[in-house]
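# Analysis of the macromolecular model
Here is what each chain is made of, one letter per residue.
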Amino acid sequence: MLLPIYAYGQPVLKKKAKIIDAKFPKLSELISDMWETMYFAHGVGLAAPQIGLSIRLFTIDTIQIMDEDKKEEGIKQVFINAQVIEENGDLWPYEEGCLSIPDIRGDVERPQKVRLQYVDENFVKHDEIYEGINARVIQHEYDHLEGILFIEKLKPLKKKLIQGKLSDIKTGKAIADYKIKFLRV
Ligand code: NI
């Protein structure tokens, strides 16, 4: 089932998300709805707060954006109760976007590597190091669990330049080619 994506301005996007356990109601249905919603919106990742649920769950598929000869370097994974253990490596800029903030993109600097502890959809524990694009998408989705949006990490001038578009999103004047739930419509 396609779920509406909560737009910039929705309070759930600014909350710190909660840990869940395996008894969370209809979890496998929720995960399959998140995959469907993410692919329909042409997203690389989707975090539960973006569909209005303040829980520590996100889905990522970077295989889609890897070059043809590097597909095996991509990941398609469900991350539950993720905790960043450490980030290291040089900061590098990459142009990010977000399904909750349609039509805005901008360079964000983040460390190259991230070590993450999480459980998968079967609640099996993992402790892994990711780098490059995989790390990048994980860091972006992880920020959603902490109530942080990529636009908060843009350079001051860029932040100024997007103010108009942001207020359009907040007031429901923006458009997206997927179902989106604005704060005021
Ligand atoms: Ni996002």
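Residues numbered from 1 in each chain as written. Predicted model: local features only at pLDDT ≥ 70, side-chain atom pairs only at ≥ 80, totals over all residues. Heavy atoms only, no water.

Attention shifts here to the coordination of the nickel ion. Each donor-metal-donor angle would ideally measure 109.5 degrees in four-coordinate tetrahedral geometry, or 90 or 180 degrees in six-coordinate octahedral geometry. Around the nickel ion, the protein supplies C98 (SG), H140 (NE2) and H144 (NE2) as donor atoms, at distances of 2.1 to 2.2 Å. Within one chain, the residues serving as donors to the nickel ion are arranged as C-x41-H-x3-H. A residue pair is termed long-range when its members are at least 10 positions apart, and C98 in the loop between strand 4 (76–96) and strand 5 (106–119) and H144 in helix 2 (residues 132–145) qualify at 46 residues. Considered together, C98 and H144 belong to a single accessibility category, that of buried residues. (Donors = N, O, S within 2.8 Å, 3.2 Å for Na, K, Ca; no water. Helix = DSSP H or I, 4+ residues; strand = E, 2+ residues; numbered from the N terminus. Buried < 20%, exposed > 50% of the residue type's maximum accessible area, 1.4 Å probe, protein only.)

The strand order across the open sheet built from five strands is 2-3-4-5-6, with neighbouring strands paired in antiparallel fashion. Single-partner strands in this sheet number two, and they are strand 2 (45–47) and strand 6 (125–131). Recorded for the sheet is a direction-independent mean angle of 30° between the axes of neighbouring strands. In terms of strand pairing, strand 2 meets strand 3 (residues 57–61) through three bridges, oriented antiparallel. In the strand pairing of strand 3, L46 is matched with T59. (Pairing = 2+ DSSP bridges. Axes fitted to C-alpha atoms, helices over the stretch in contact; angles between N-to-C directions.)

Below, the discussion takes up the environment of T59. One can find T59 in strand 3. Taking the C-alpha atoms as reference points, T59 and I138, 79 residues apart in sequence, are found 9.1 Å from one another. With near-sequence residues (within four places) excluded, T59 lies in contact with M34, W35, M38, V44, G45, L46, Q77 and V78. (Contact = heavy atoms within 4.5 Å.)

It is worth spelling out the packing of aromatic side chains at this point. In this description, a pair of aromatic rings is defined by centroid distance and the angle of the planes. In this structure the tally under the stated criterion is five aromatic pairs. Ring centres of W35 and Y39 lie 5.9 Å apart, and the angle between their planes is 15°; this geometry places the pair in the stacked category. Pair noted here: W35 and Y39 are both in helix 1 (residues 27–40), with a separation of four residues, about one helical turn. Its relative accessible area of 14% is what places W35 among the buried residues. With 5.0 Å between their ring centres and 25° between their planes, F58 and F79 make a pair best called stacked. Remark: F79 occurs in strand 4 and F58 occurs in strand 3; sequence separation between them is 21 residues. Classification of F58 as buried rests on a relative accessible area of 0%. When its relative accessible area of 0% is taken as the criterion, F79 is described as buried. Each member of the aromatic cluster is reached from another via a ring pair, and the members are F58, F79, Y118 and Y130. (Phe/Tyr/Trp six-rings, centres within 6.5 Å; stacked < 30°, edge-to-face > 60°.)

With that settled, consider helix 1. Every α-helix carries 3.6 residues per turn, so stepping three or four residues along brings you back to the same face. In this model, helix 1 (14 residues) spans 20 Å end to end at C-alpha, consistent with the 20 Å of a helix rising 1.5 Å per residue. Along helix 1, the positions that sit buried rather than exposed are L27, L30, I31, D33, M34, W35, T37 and M38. On its buried side, helix 1 packs onto strand 1 (5–6), strand 2, strand 3 and strand 4. Following helix 1 by one or two positions, H42 has its phi on the positive side, about 60°. (Expected span 1.5 Å × (residues − 1).)

Turning to the side chain of D33, a few remarks are in order. In this fold, D33 is placed in helix 1. Lacking a salt bridge, the buried D33 has K26 as its closest oppositely charged neighbour, with an N-O distance of 8.8 Å. Each residue touching D33, except ones within four places of it in the same chain, is listed here: M1 and L3. (Lys, Arg positive; Asp, Glu negative; His and termini not counted. Salt bridge = Lys/Arg side-chain N within 4 Å of Asp/Glu carboxyl O.)

This next bit is on the nonpolar core. Grouped together as the largest cluster of nonpolar side chains are 39 residues, with contacts concentrated most on L57, I101, I151 and I169. Mapped onto this core, the elements with two or more residues apiece are strand 1, helix 1, strand 4, strand 5 and helix 4 (163–170). Broken down by element, this core gets its largest block of residues, six residues, from helix 1. Not counting chain neighbours up to four residues away, the residues in contact with I169 comprise A7, Y8, S100, I101, P102, I104, A174 and F182. Of all hydrophobic cores here, the second largest spans 16 residues; its members include F58, I60, I75 and Y130. (Core = buried A, V, L, I, M, F, W, Y, C linked by side-chain atoms within 4.5 Å.)

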